[in-house]
Amino acid sequence: MSKKSNSISKKQLKILAKQVKHLIGKNPKKCHLTTEDIKYLFGTDEVGAALILKAFDTDQNGTVEWRELVTGMSLLTADSLEEKANYLFKLWDADSNGMLDRDEIFAMVRTSLFCVATLETIKDAGSLLKLGKGNEGTLKYREKINKVLEEGFSEDEINRLTDRFMLSVDTDKDGLISQDEFVRFITLTNSQDNPLTNSLTNLIEGERQNCSIF
């Protein structure tokens, strides 16, 4: 029986290095990624980027270095779906109190919707970068991401999906989601690939497509 591994493959490392180099315009091995950099790397909003930075920044110096990025991505690509779900819970537990309140779920839903919206732009990044050499291509990519983020989503839409998620996951109806409730919901409703957004997609009943960021 093979052991479960929390390390990413050499192929994934090469892809990650290319993304940092071309989408962010930084040397991967010497990078110090800011919240702004993470926003473009993951195609997420500022709230999501700040939480990712907080989770990945193990030395707490305010930026994410290459080793921290690799470590964080390794946890997100763990073999065990339960491990992924536990890590995602900690990622979204902004105040680290062991519970997700409605505001934290709202932020999770909002960021996930942005990830879905920017997914096609990230997939198309290669052709965008070919439109310009070096920084010019990176700027074209960032402009596309910014355009999607600026269009945004209505408060009503995000609130509606937040309420639906809370209703489905908060089994004891205390207005909070415990780590056990979150992990149970994720593991029961998902495939291995994209646990959080697969759950959101199932919950939303196909209103949006899957996002491969988380």
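Since we're looking at a predicted model, the values are computed, not measured. (Residues numbered from 1 in each chain as written. Predicted model: local features only at pLDDT ≥ 70, side-chain atom pairs only at ≥ 80, totals over all residues. Heavy atoms only, no water.)

Thoughts on the UniProt feature "domain: EF-hand" (unreviewed entry) in the chain
Next up, step 1: UniProt records the feature "domain: EF-hand" (unreviewed entry) for residues 44–79, 80–115 and 157–192 in the present numbering.
Next up, step 2: Its end C-alpha atoms 23 Å apart, residues 80–115 is made of 72% helix and 6% strand. (UniProt positions renumbered as here; feature names shortened; annotations may be inferred. Helix = DSSP H or I, 4+ residues; strand = E, 2+ residues; numbered from the N terminus.)

Some thoughts on the packing of aromatic side chains
Next up, step 1: In the structure shown here, the tally under the stated rule is three aromatic pairs.
Next up, step 2: Here the aromatic rings of Phe 165 and Phe 185 are separated by 5.5 Å at their centres, their planes lie at 80°, and the arrangement is edge-to-face. Here Phe 165 is found in helix α9 (residues 155–169), whereas its partner Phe 185 is found in helix α10 (residues 179–189), with 20 residues between them in sequence. Comparing Phe 165 with Phe 185 shows no difference in burial state: the two are buried. (Phe/Tyr/Trp six-rings, centres within 6.5 Å; stacked < 30°, edge-to-face > 60°. Buried < 20%, exposed > 50% of the residue type's maximum accessible area, 1.4 Å probe, protein only.)

Some remarks on the side chain of Thr 63
Next up, step 1: By the secondary structure assignment, Thr 63 is in the loop between α3 (46–56) and β2 (64–65).
Next up, step 2: Take Thr 63: its relative accessible area is 16%, and that puts it in the buried class.
Next up, step 3: At 2.7 Å, the side chain of Thr 63 forms a polar contact with the side chain of Glu 65.
Next up, step 4: Setting aside residues no more than four positions away along its own chain, Thr 63 makes contact with His 32, Leu 33, Leu 53, Asp 57 and Glu 68. (Polar contact = N/O pair within 3.5 Å; in protein donor to acceptor, adjacent residues only side chain to side chain. Contact = heavy atoms within 4.5 Å.)

Observations concerning the environment of Val 148
Next up, step 1: Secondary-structure assignment places Val 148 in helix α8 (residues 135–151).
Next up, step 2: Val 148 gets classed as buried once you look at its relative accessible area, which sits at 17%.
Next up, step 3: Remark: the alpha-carbon pair of Val 148 and Gly 43, spanning 105 residues in sequence, is separated by 9.4 Å.
Next up, step 4: Val 148 has contacts with Phe 114, Ala 117, Thr 118 and Thr 121, leaving out every residue within four places of it along the chain.

Notes on the packing of helix α2 (residues 35–42) against α3
Two quantities define a packed helix pair, namely the angle between the helix axes and the distance between the axes.
Next up, step 1: Remark: α2 packs on α3, axes separated minimally by 8 Å, with the N-to-C direction vectors making an angle of 110°. Classified by the interaxial angle, the pair formed by α2 and α3 is roughly perpendicular. Between α2, through Thr 35, Ile 38, Lys 39 and Phe 42, and α3, the contact on the second element is made entirely by Glu 46, Ala 49, Ala 50, Ile 52, Leu 53 and Phe 56.
Next up, step 2: Grouping the constituent residues of the contact of α2 with α3 by class yields seven nonpolar, one polar and two charged. (Axes fitted to C-alpha atoms, helices over the stretch in contact; angles between N-to-C directions. Parallel < 35°, antiparallel > 145°, perpendicular 65-115°, else oblique. Nonpolar A, V, L, I, M, F, W, Y, C, P; charged D, E, K, R; others polar.)

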